[in-house]
Structures are given as structure tokens and as C-alpha cells.
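Below, each chain spelled out in residue letters.
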Amino acid sequence: QDPPRVGVKEAVDTCRSAGIKVIMVTGDQPVTAASIARQVRIITKKTYDELIEENPYMSKAQALEKADAIVVHGDTLAHLIASEEDLPEEEQGKILEMWLRKDEIVFSRTSPAQKLQIVKGCQALGRIVAVTGDGVNDSPAIKKADIGIAMGIGGSDVSKDVADMILLNDDFTSIVNGVEEGRLIFDNLKKSIAYTLSSNIPEIAPFLCFILIQIPLPLSTVLILCVDLGTDMIPAISLAYENPELDIMQRKPRNAKVDHLVTTRLISFSYLQIGVIQALAGFYTYFVVMYDYGFKPSELVQFALKEGIEPDEDDVFNPSVVGKGNRNWNTAPGADNEDDTVNWNTTEHAELDLRMWFADKPNDDWADCRTDDESSVSDESVCYTTEALRYAQCAYFVSIVCVQWADLLICKTRKLSIAQQGMKNMIMNFGLCSETVLALILCYVEPLNLPLGTRPLNSWHFALPAFPFFVVIFTYDEIRKMLIRDHVKKYGKPGFVEKNTYY
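Our subject in this report is the structure included herewith. (Residues numbered from 1 in each chain as written. Predicted model: local features only at pLDDT ≥ 70, side-chain atom pairs only at ≥ 80, totals over all residues. Heavy atoms only, no water.)

### A closer look at the state of the cysteines
Next up, step 1: Inspection of every chain in the model, using the stated rule, returns one disulfide.
Next up, step 2: Residue pairing for Cys-369: its cysteine sulfur links by disulfide to Cys-383, the two sulfurs lying 1.5 Å apart. Here Cys-383 lies in the loop between helix 16 (354-357) and helix 17 (387-410) and Cys-369 lies in the loop between helix 16 and helix 17, a separation of 14 residues in the sequence.
Next up, step 3: The thiol of Cys-402 is unpaired, and the distance to the nearest cysteine sulfur, on Cys-443, comes to 13 Å.
Next up, step 4: Free of any disulfide, Cys-443 has its nearest neighbouring cysteine sulfur in Cys-394, separated by 3.2 Å. (Disulfide = S-S within 2.5 Å. Helix = DSSP H or I, 4+ residues; strand = E, 2+ residues; numbered from the N terminus.)

Structure (C-alpha cells):
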């Protein structure tokens with residue numbers, strides 16, 4: 001007999017740990033087939049025949065039930081198929097399915113028709129079947145299989161024509177490498193989607209709040225595009241270059257019927273878990289900046305469309321006079337400048353102190369301005385003006401970049417800790433740096449401020465308010481993954497956390 005190829009035994013072991021059952025279908029005699037199967041570890045347990053030899057008083061039915069490994073002769077399979085021809089269709093194939101449920105199986109002296117029947121039996125059990133072969137006789141089974149694999153060197157033209165895949169080196173270990181690569185691609189696509197979807201919540205939440213409670217818009221559409229087409233681009237692509245997780249070939253095959261690329265658990269993870277925390281980071285940053293420039297969070301509700309009286313450009317705020325310096329405050333009813341709405345979306349009112357516009361608001365409704373910053377656009381104080389919103393919007397944008405740092409790190413793995421995975425993906429490391437540099441450019445390169453609506457933030461407004469949420473996201477996900485691993489390690493099966501959060 002020909003010796004098994006180098007690496008086949010290890011490949012079979014890898015398949016077993018990955019939940020892939022390797023069934024040997026050969027034209028050799030049963031003794032030869034069983035011997036080769038033991039050498040490559042397709043068979044590691046006692047077979048049906050060995051149990052009969054060791055226990056002469058054991059019935060064949062008992063031995064078949066107890067055996068975890070069987071070697072089936074082609075003649076036996078042929079007799080079985082012939083005996084079931086007169087049975088109803090739903091009763092046919094029951095014994096073959098019982099054989100195929102065994103952990104370790106070898107079929108010897110099989111014909112092309114029997115190989116095809118074996119493939120159909122496996123598919124009847126709901127299995128995804130891959131068949132390898134090189135001869136013309138293998139073609140029907142290769143064509144019927146979910147994945148037909150032909151040999152590129154020694155395979156016949158017929159087998160290559162019907163195959164879905166051709167092994168250029170005729171090496172079984174290449175199939176295992178292909179499975180690992182396929183799992184890696186699927187994993188990385190899921191990670192990239194999870195990363196990309198998370199930022200949707202902090203992007204849409206400002207518009208919902210603007211509509212529902214009418215606060216000045218915390219994030220402009222232009223800055224949303226800066227996130228989606230700018231800062232998030234390279235990090236999202238970098239996940240395609242992520243190395244396989246250490247347990248990638250120790251997982252059971254996914255259920256193709258329910259475990260799709262985008263699942264309800266992935267949506268829940270991205271939107272309801274990470275996305276919500278990111279939105280909280282953005283709103284917290286927005287309110288902090290607005291407060292520092294004189295706007296109390298409680299007073300921002302219903303403030304976006306609030307009507308007041310527009311002061312003149314040369315009016316100066318004076319809290320001790322009627323109208324607080326707004327000379328139009330006593331304008332007669334029906335005048336053109338009465339009951340005006342502030343234009344928050346442009347720089348039209350950037351130089352006007354809104355305390356004069358809304359002179360009827362008590363002084364206690366305004367916060368003390370904590371900085372004397374001048375706007376890079378209006379060259380006037382930022383406090384109590386519409387420019388404060390531009391600074392808050394810019395800070396909200398930077399907060400998304402900050403929490404997306406954490407999102408990128410947690411999306412490196414689906415189950416393992418980042419300490420186990422490491423930071424070996426240099427494209428991702430570059431992505432982390434590039435999105436930070438791009439955010440700095442958008443904020444601090446002055447020619448970009450007016451068209452993009454960004455502003456040069458104070459150092460304590462740049463990502464600092466959002467950093468605690470970075471820590472929360474990272475810590476939450478590390479604990480989640482630890483609970484998943486610990487439950488499987490302790491009980492040998494998925495727990496509540498994995499069933500509901502593992503995407």
C-alpha cells in the first residue's frame with residue numbers, strides 16, 4: 001500500500017477539532033482501508049468488527065449500536081440499497097443515515113453509484129458535503145456535493161469540469177487551509193460590518209433629538225460624511241487584514257441557515273450596545289462644550305426653533321438695561337425684526353450675543369462662560385453665540401472618532417481577548433493613526449473650518465470628554481468575551497451571554 005502523505009494526519013486532526021467529519025470512501029479492501037484510516041487518524045476508536053472479535057457473545061445489533069467507528073464494505077451498501085427499493089421513499093436510507101451518524105466512517109470497495117448515494121445520505125442529514133476525487137468515476141459524487149473538489153495534477157478532465165474547486169497541488173492539507181481562510185474571510189467581514197454599523201447610532205441620534213426635543217443640531221450632515229467617508233474608511237478596510245483568531249479552527253461549523261453575515265445579534269451588538277454608548281459619548285461632549293460656552297443643557301430643549309427679537313449688529317450686551325442691550329426689544333408689534341428665529345446652520349448670526357436675542361430669559365438661565373475663545377470665523381467671542389454650536393458639533397465629531405478607536409479594538413476579535421490577539425495588524429495600527437490625524441487636520445487647518453463647519457477645539461474639548469466612554473466600551477467588551485470563554489470552559493456549551501451577544 002502507498003504510505004499516507006506527510007501532513008495528512010495533522011490535517012485530519014485539525015478537521016476534527018474544527019467540527020468537520022472526514023469520511024473515507026475508497027476502492028481498497030476493508031482491511032487495507034481500515035489500516036490507512038488508522039494511520040491518518042480518520043479512525044481512532046474501536047470499529048464494529050473489532051468489538052465483535054473482542055466480545056463473541058455480543059450481538060451484531062449491540063456491537064453496531066456501541067461502536068463509534070465502522071468500516072462498511074461496498075457489497076453491504078449495495079445489498080442495503082437493493083433491499084430498500086420496495087420501501088416507501090420516506091423509509092429509504094434510514095440505515096445508511098444511522099451509519100453516517102457514527103463519529104468515524106470508512107467505506108471500502110465502493111462503486112460510483114454508491115459514492116453518490118453516500119453524498120445524498122449526508123445531505124439528507126442536513127450536512128454541507130465536500131467531495132474530493134480525481135477519476136471519471138468520482139464525477140457524479142463531485143457534481144452532487146455542495147462543494148466538489150478535483151485534483152489539478154492527477155485529476156481527469158471530467159472531474160475538473162464538474163468540480164467547484166481544483167486543488168493545484170493535489171494535497172488534502174490545502175483543503176484544511178482553504179477552510180481556515182474561508183472562516184477568516186467570514187470573520188473579518190462580520191468584524192468590518194460590526195465596526196461600520198456602530199457609528200450609525202451616534203450619527204442619527206442628533207437628528208432624532210433635533211426633531212423630538214428641538215435642541216440645536218449636535219452633528220451636521222457634513223461631519224457625518226467626514227466620519228463615513230473619512231475617518232472610518234481605513235479602519236474599516238484594515239479589518240480585512242486581521243489575522244485569524246487562535247480558536248478559528250476549534251469552532252464548530254456555523255449553521256448556514258441562521259448564522260448569516262448580518263444577524264440580529266450583530267445588529268443588537270452594533271446598535272443597541274456599542275452604538276448607544278457611542279451616542280451617549282457624543283451627547284455628553286456636546287453638552288459639555290455648550291455649557292462651557294454659556295448654554296445650560298436644560299435650556300437647550302426647545303431652543304433650536306425658539307423665537308426672539310433679532311438685535312442689530314452693533315448692539316452690545318448690557319444686563320442692566322431693558323432688552324439687555326437689544327435696541328429692538330421694544331419694537332412695536334408687527335415690525336419686521338420681531339419674532340425671529342436664530343439661524344444656527346450658517347454664520348449669519350455668528351457675531352450676535354443670543355442673550356440679547358432672547359432678552360426675556362432670566363440671567364440664571366445662562367451658564368457662566370468658562371473661556372474667552374474667539375471664533376476663527378467671526379473673530380468674535382464664541383460664548384453665547386451660534387459659533388458655540390459649531391464648536392460643539394466639531395467636538396461631537398471628534399467624540400465619534402474617539403469611541404471608534406475602542407470599537408476598532410474590540411472588533412479585532414469575536415471571542416478572544418485583545419491581549420491574546422495582539423496588535424500585529426499594521427494596517428489597523430495605521431488606520432488608528434490616520435483617523436486621528438485626519439480629525440486633527442479637519443479641526444485645526446483653518447481653511448477647512450468654514451466649508452466643513454469645524455472649529456479649532458480647546459485641548460480639553462478634543463476627545464477628552466469622550467475618553468471615559470472609550471474605557472467603558474473597551475472594558476464592557478472584554479468582560480463580555482471573558483464571560484463567553486469562561487462559560488464554555490466550565491460547562492462545555494454556550495451560555496446566556498454567548499447566545500445573546502456573540503455575533
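What follows continues from the structure just given.
### A short note on a positive patch on the surface
Next up, step 1: Among the surface-exposed residues, Lys-21, Lys-94, Arg-101 and Arg-127 lie close enough to one another that they form a single positively charged patch.
Next up, step 2: Tracing the sequence through the fold places Lys-21 in the loop between helix 1 (8-17) and strand 1 (24-25).
Next up, step 3: Accessibility expressed as a relative area gives 32% for Lys-21, which makes it partly exposed. (Patch = residues over 30% accessible without salt bridge, like charges linked within 9 Å, V, L, I, M, F, W, Y side chains within 5 Å. Areas by Shrake-Rupley, 256 points an atom, 1.4 Å probe, with all protein chains shown as cover. Salt bridge = Lys/Arg side-chain N within 4 Å of Asp/Glu carboxyl O. Lys, Arg positive; Asp, Glu negative; His and termini not counted. Charge placed at Lys NZ, Arg CZ, Asp CG, Glu CD. Buried < 20%, exposed > 50% of the residue type's maximum accessible area, 1.4 Å probe, protein only.)

### Let's talk about the sheet that holds strand 1
Next up, step 1: Pairing is parallel across the open sheet formed by three strands, whose spatial order is 1-3-2. Lying at the two open borders of the sheet, with one neighbouring strand each, are strand 1 and strand 2 (69-73).
Next up, step 2: Where strand 1 and strand 3 (residues 104-108) come together, two bridges link them in parallel fashion. Bridge pairing in strand 3 places Val-25 opposite Phe-107. (Pairing = 2+ DSSP bridges.)

### Quick notes on the pairing of strand 3
Next up, step 1: Across the five residues of strand 3, five count as buried, placing the element largely inside the fold.
Next up, step 2: The alternating pattern of strand 3 places Glu-104, Val-106 and Ser-108 on one face and Ile-105 and Phe-107 on the opposite face, and all of these are buried.
Next up, step 3: Of the pairings in the sheet, the one linking strand 2 to strand 3 comprises five bridges and is parallel in character. Counted as the bridge partner of Ile-70 is Ile-105 from strand 3.

### Overview of the pattern of salt bridges
Next up, step 1: Under the definition given, this model contains 25 salt bridges.
Next up, step 2: The partner of Arg-16 in a salt bridge is Glu-104, with the nearest N and O atoms 3.7 Å apart. Here Arg-16 is found in helix 1, whereas its partner Glu-104 is found in strand 3, with 88 residues between them in sequence.
Next up, step 3: Take Glu-104: its relative accessible area is 2%, and that puts it in the buried class.

### A few points about helix 2 (residues 30-39)
Next up, step 1: Among the residues of helix 2, Ala-33, Ile-36 and Ala-37 are the ones counted as buried. Buried residues of helix 2 fall within an arc of 100° about the axis and therefore sit on the same side.
Next up, step 2: Next to the buried residues of helix 2 lie strand 1 and strand 3. (Arc of directions from axis to C-beta. Contact = heavy atoms within 4.5 Å.)

### Comments concerning a negative patch on the surface
Next up, step 1: Taken together, the side chains of Glu-313, Glu-351, Asp-372, Glu-374, Asp-379, Glu-380 and Glu-446 make up a negatively charged region of the molecular surface.
Next up, step 2: As for its position among the elements, Glu-446 is in the loop between helix 19 (426-444) and helix 20 (449-452).

### Quick word on the pairing of strand 4 (residues 130-133)
Next up, step 1: Covered by surrounding structure in strand 4 are Val-131 and Gly-133 only, the residues Ala-130 and Thr-132 on the alternate face being uncovered.
Next up, step 2: For strand 4 and strand 5 (residues 147-151), the ladder comprises four bridges, and the chain directions are parallel. Following the sheet pairing, Val-131 is matched in strand 5 by Gly-148.
Next up, step 3: Following the backbone out of strand 4, through helix 8 (residues 139-144) and into the adjacent parallel strand 5, one traces a crossover that is right-handed. (Right-handed = clockwise from strand over helix to strand, strands pointing away.)

### Regarding the sheet that holds strand 4
Next up, step 1: As summarised here, the arrangement of the three strands in space is 4-5-6, forming an open sheet in which the pairing is parallel. Taken across any chain shown, the strands that pair with only one partner, and hence form the sheet edges, are strand 4 and strand 6 (165-167). Within the sheet, the average angular offset between the axes of one strand and its neighbour, ignoring direction, is 25°. (Axes fitted to C-alpha atoms, helices over the stretch in contact; angles between N-to-C directions.)

### Side note on the packing of helix 11 (residues 200-212) against helix 14 (residues 264-292)
Next up, step 1: With their axes 8 Å apart at the nearest point, helix 11 and helix 14 run at an angle of 60° to one another. With respect to each other, helix 11 and helix 14 are oriented oblique. Classified by chirality, the crossing of helix 14 by helix 11 is right-handed. In this structure, helix 11 contributes Asn-200, Ile-201, Pro-202, Ala-205, Pro-206 and Cys-209 to the contact, and helix 14 contributes Tyr-271, Gly-275, Val-276, Gln-278, Ala-279 and Phe-283. (Parallel < 35°, antiparallel > 145°, perpendicular 65-115°, else oblique. Left-handed = near helix turned anticlockwise from the far one by under 90°.)

### Concerning the packing of aromatic side chains
Next up, step 1: The full count for this structure, using the stated rule, is 16 aromatic pairs.
Next up, step 2: Measuring from ring centre to ring centre gives 6.0 Å for Trp-366 and Tyr-384, while their planes differ by 80°; the resulting arrangement is edge-to-face. Placement of Trp-366 in the loop between helix 16 and helix 17 and of Tyr-384 in the loop between helix 16 and helix 17 is noted, with a sequence separation of 18 residues between them. The same class applies to Trp-366 as to Tyr-384, namely buried.
Next up, step 3: The positively charged end of Arg-254 is found above the aromatic ring belonging to Phe-186, 4.2 Å away from the centroid.
Next up, step 4: The ring of Tyr-384 carries the charged tip of Arg-355 above its face, separated from the ring centre by 3.7 Å. (Phe/Tyr/Trp six-rings, centres within 6.5 Å; stacked < 30°, edge-to-face > 60°. Lys NZ or Arg CZ within 6 Å of the ring centre and 35° of its normal.)

### Points about the nonpolar core
Next up, step 1: Of all hydrophobic cores here, the largest spans 70 residues; its most connected members are Tyr-286, Phe-295, Leu-354, Phe-397 and Leu-457.
Next up, step 2: No other element matches helix 17, which puts 18 residues into this core.
Next up, step 3: In this view, Phe-397 contacts Leu-219, Leu-223, Cys-226, Val-227, Thr-231, Ala-439 and Leu-442; residues no more than four positions away in its chain are not counted.
Next up, step 4: If you look at the next biggest cluster of nonpolar residues, it comprises 25 residues, including Tyr-48, Val-119, Leu-125 and Val-131. (Core = buried A, V, L, I, M, F, W, Y, C linked by side-chain atoms within 4.5 Å.)

### So, empty space enclosed by the protein
Next up, step 1: Applying the stated rule across the entire model yields one cavity of 30 Å³ or more.
Next up, step 2: For the largest cavity, the calculated volume is near 40 Å³.
Next up, step 3: Lining the largest cavity are Phe-295, Lys-296, Glu-299, Phe-303, Lys-361, Asp-365 and Trp-366.
Next up, step 4: Its residues assigned to classes, the lining of the largest cavity comprises three nonpolar, no polar and four charged. (1 Å grid on protein atoms, 1.4 Å probe; cavity = no way out; pocket = protein on both sides within 12 Å on 5 of 7 lines; lining within 4 Å. Points joined across faces, edges and corners; volume = space filled by probe spheres on them. Nonpolar A, V, L, I, M, F, W, Y, C, P; charged D, E, K, R; others polar.)

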